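So you can see what is in the structure, the chains are spelled out below.
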Amino acid sequence: MTDLPDELLPTTRRALLHRIAVAQAEGRTPSLVAGVVRDGRPVWSGARSMIEGHAPDLDVQYRIGSLTKTFVAVLVLRLRDEGLLDLADPLGRHLPGTPADGVTVAELLAHSGGLAAETPQPWWERTDGALRPELGDLLEESSPLKHPAGRRHHYSNPGYALLGALVERLRGEPWGEALRREVLAPLGMDRTTLLPEHPHAGGFAVHPWADVMLPEPLTDTGLMGPAGQLWSTGADLARWAAFLAAGDDKVLTSDTLAEMRRPAVGPEDADWTSGYGLGLQLRRHEGRVLYGHTGSMPGFTACLWVSAEDGLAAFALSNATGAANTSLLTAQLIEITATHEPRLPAPWRPLSEVDEELLALTGPWYWGAAPNALRLRAEGVLELTPLAGTGRGSRFRPQPDGSWLGLDNYYAGETLRVVRHPDGTVSHLDVGSFVYTREPYGPDGAVPGGVDPRGWQAF
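These numbers were taken from a predicted model, which means no experiment stands behind them.

### Remarks on the overall build of the protein
At step 1: When you go through the protein residue by residue, the secondary structure sums to 10 helices and 19 strands.
At step 2: When the backbone C-alpha atoms are referred to their principal axes, the protein occupies close to 85 × 65 × 45 Å.
At step 3: Buried positions account for 47% of the 459 residues belonging to the protein.
At step 4: For the protein, restricting intrachain contacts to residue pairs at least 6 apart in sequence, the fraction spanning at least 24 positions comes to 59%.
At step 5: By element, 53% of the accessible surface of the protein is carried by carbon and sulfur atoms, the whole surface being about 22,400 Å².
At step 6: Charge centroids of the protein, computed over 40 positive and 57 negative side chains, lie 3 Å from each other.

Dropping the structure here:
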């Protein structure tokens, strides 16, 4: 009997339900809904509520706060991939006249532009966006920078408001409409909206010293919307998790998503637990590197994490201000699932066809005297692996011009070329100017600086 790929074992489901029940009770949140996605498909969801027999389902909207930033970042990367901007462009090249003209698009995406964390008073999350009708109202004009641009990560909500305005300028339409047309509709996320639509949860604050609640206002934050305005559902976040895990060529390629989750600014300590890419947060939890984003607005907390290694993603939504720790909860949902049901490796299968010339390249190669192995993998990918010491291994993807592009590690982005003799036979491999020969310091004139004509000697 073969288990259905979209089912979890009863013990796993029980452990997940117990974890969200504890989070709802200890976090004192009126309701909480969560789910797990495995290999792009929802495999579990659960909910708890203060009202017996009335837990929310996956169609109930919650405000997702700064998870909105992941959507805005995707819009900006689409502009880059279309050639309408470069990440190194200063904002003022496309959206002149703001207090952040000199900050680059990449720095805004990574929160490394040094901009202030928040707007000038009053607190933007609980006030109507009409109080800030102009982009210049989002930052203090006299001192918009709190740190030198590009030096450190300093989270900036106004920075993402400016990115939303950048999208509007280059698309010629409101950022929310661009989001609906370019991202939400292609992914089938029709319950993700700028303003709440029925059915939706109400947001509450819970008194710190008593079990009583206070309704929070449901504000339209106007120009600050790209920082945290969106409402979504469990069902839609499952779709978003699947997209962030694998990409979708209708919206953004997997290569661009991989770029988004690479750390953009170095950690401030060696034992880092959190970081930031281009619109995606990074977190270390129990030995796993997760990416996604947390979110909070008055009355709501949210989180979505993806573990690429485990093929898992999880999300959690609650409707109380700062109550349930949805970031930790979501990480633990991934941990529970991965521990109970570790990912099965894909079965090994032979190549369906083979290029004899590529096959002839496989086997031992030497960088100087250091032995390496070159292996042929699926889709013509070459894998270079050091056989002793640390070395510099990488995978290389074939390119139209007959070269190979490095995909990871030291040679990421570098080019591997096969250098041939005039008669067409292979002389050596050139990998970013490093020479790999078939023998240690092969005596064929390929090694820079030459090789002692006496060859290898005993001393």
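Next comes the rest of the write-up.
### As for the sheet that holds strand 18 (residues 426-431)
Within a beta sheet, neighbouring strands are joined by backbone hydrogen bonds and run either parallel or antiparallel to one another.
At step 1: Strand order in this closed barrel of 8 strands is 12-13-14-15-16-17-18-19, and the pairing throughout is antiparallel. Between one strand axis and the next, the sheet turns through 30° on average, direction left out of account.
At step 2: With 2 bridges joining them, strand 16 (residues 404-406) and strand 17 (residues 415-420) adopt antiparallel strand pairing. Paired with W404 across the two strands is L416, which belongs to strand 17.

### Quick look at the side chain of T68
At step 1: Among the secondary structure elements, T68 is positioned in helix 2 (residues 68-81).
At step 2: The class for T68 is buried, based on a relative accessible area of 0%.
At step 3: With residues up to four places along the chain from it excluded, the contact list for T68 reads W175, G225, P226, A227, G228, Q229 and L230.

### Notes on the sheet that holds strand 9 (residues 288-297)
At step 1: With antiparallel pairing, 7 strands are arranged side by side in an open sheet as 2-1-11-10-9-8-7. Bordering the open sheet on either side are strand 2 (41-49) and strand 7 (274-276), each of which pairs with just one other strand. Across the sheet, the mean angle from the axis of one strand to that of its neighbour is 20°, orientation sign disregarded.
At step 2: In terms of strand pairing, strand 1 (residues 31-38) meets strand 2 through 8 bridges, oriented antiparallel. Its bridge partner lying in strand 2, A34 is registered against G46.
At step 3: Seen against the sheet, helix 7 (residues 234-246) touches strand 1, strand 2, strand 9, strand 10 (300-307) and strand 11 (312-318) and runs at an angle of roughly 35° to strand 10.
At step 4: Relative to the sheet, helix 9 (residues 326-340) contacts strand 1, strand 8 (281-285), strand 9, strand 10 and strand 11, its axis offset from that of strand 11 by approximately 145°.

### Observations regarding the nonpolar core
As a rule of thumb, nonpolar side chains are buried together in soluble globular proteins.
At step 1: Counting 74 residues, the largest nonpolar core has L109, L163, W240, F243, L244, M260 and L304 as the members making the most contacts within it.
At step 2: Element by element, the count of residues in this core is highest for helix 2, at 8 residues.
At step 3: In this structure L163 touches V72, V76, V105, L108 and L109, once residues within four positions along its chain are discounted.
At step 4: Listed in part, the 22 residues of the second largest apolar core include L16, L32, W44 and A331.

### Notes on the packing of helix 2 against helix 5 (residues 175-187)
At step 1: Relative orientation of the contacting elements helix 2 and helix 5 amounts to 75°, with a least axis distance of 10 Å. Classified by the interaxial angle, the pair formed by helix 2 and helix 5 is roughly perpendicular. On the side of helix 2, the interface is formed by T68, F71, V72, V74, L75 and R78, while helix 5 contributes W175, A178, L179, E182, V183 and L184.
At step 2: Looking at the contact of helix 2 with helix 5, its residues break down into 9 nonpolar, 1 polar and 2 charged.

### Points about the packing of aromatic side chains
At step 1: Evaluation of the coordinates by the stated rule reveals 10 aromatic pairs.
At step 2: Where Y62 meets F300, the ring centres are 6.3 Å apart and the plane angle is 90°; that geometry is what we call edge-to-face. With Y62 in strand 3 (residues 62-63) and F300 in strand 10, the pair connects residues that are 238 residues apart, well separated along the chain. As far as burial versus exposure is concerned, Y62 and F300 are alike and both buried.
At step 3: Through a chain of ring-to-ring contacts, three or more aromatic side chains come together here, namely W367, F396, Y410, Y411 and F434.
At step 4: Across the ring face of Y160, the terminal group of K69 is positioned such that the distance to the ring centre comes to 5.9 Å.
At step 5: Here the basic side chain of R392 rests over the ring of Y410, its NZ or CZ set 3.9 Å away from the ring centre.

### Notes on unusual backbone geometry
At step 1: In this chain, Q121 is followed by P122 through a cis amide linkage whose omega measures 5°.
At step 2: Cis geometry marks the peptide bond from H198 to P199; its omega dihedral reads -5°.
At step 3: Residue position: P199 is located in the loop between helix 5 and strand 4 (204-206).
At step 4: You will see that D39, though not glycine, has its phi angle at about 50°, which is positive.
At step 5: By secondary structure assignment, the location of D39 is in the loop between strand 1 and strand 2.

### What about the pairing of strand 10?
At step 1: In terms of burial, strand 10 is a largely internal element, 8 of the 8 residues being buried.
At step 2: Both faces of strand 10 are covered, namely the face carrying F300, A302, L304 and V306 and the face carrying T301, C303, W305 and S307.
At step 3: Looking at chain direction, strand 9 and strand 10 are connected through 7 bridges and run antiparallel. What sits directly across from Y291, in strand 10, is V306.
At step 4: With antiparallel pairing between neighbouring strands as the criterion, strand 9 and strand 10 make up a hairpin whose turn holds 2 residues, including G299 at a positive phi of roughly 95°.
At step 5: In terms of strand pairing, strand 10 meets strand 11 through 7 bridges, oriented antiparallel. Bridging from a neighbouring strand, W305 pairs with A314 of strand 11.
At step 6: In sequence, strand 10 turns back onto strand 11 through a hairpin of 4 residues, with G311 there showing a positive phi of about 65°.

### Details of the pairing of strand 12 (residues 363-367)
At step 1: Of the strand pairs in this sheet, strand 12 and strand 13 (residues 370-376) are connected by 5 bridges, and their pairing is antiparallel. Looking at strand 13, one finds that W367 is bridged to A370.
At step 2: In this antiparallel pair of consecutive strands, strand 12 and strand 13, the connection spans 2 residues, and G368 shows a positive phi of 65°.
At step 3: Here strand 12 pairs with strand 19 (residues 434-437) via 2 bridges, running antiparallel. Paired with W367 across the strands is Y436, a residue of strand 19.

Cut-offs applied
Residues numbered from 1 in each chain as written. Predicted model: local features only at pLDDT ≥ 70, side-chain atom pairs only at ≥ 80, totals over all residues. Heavy atoms only, no water. Helix = DSSP H or I, 4+ residues; strand = E, 2+ residues; numbered from the N terminus. Buried < 20%, exposed > 50% of the residue type's maximum accessible area, 1.4 Å probe, protein only. Contact = heavy atoms within 4.5 Å. Areas by Shrake-Rupley, 256 points an atom, 1.4 Å probe, with all protein chains shown as cover. Lys, Arg positive; Asp, Glu negative; His and termini not counted. Charge placed at Lys NZ, Arg CZ, Asp CG, Glu CD. Pairing = 2+ DSSP bridges. Axes fitted to C-alpha atoms, helices over the stretch in contact; angles between N-to-C directions. Core = buried A, V, L, I, M, F, W, Y, C linked by side-chain atoms within 4.5 Å. Parallel < 35°, antiparallel > 145°, perpendicular 65-115°, else oblique. Nonpolar A, V, L, I, M, F, W, Y, C, P; charged D, E, K, R; others polar. Phe/Tyr/Trp six-rings, centres within 6.5 Å; stacked < 30°, edge-to-face > 60°. Lys NZ or Arg CZ within 6 Å of the ring centre and 35° of its normal.

These figures capture arrangement, not role.
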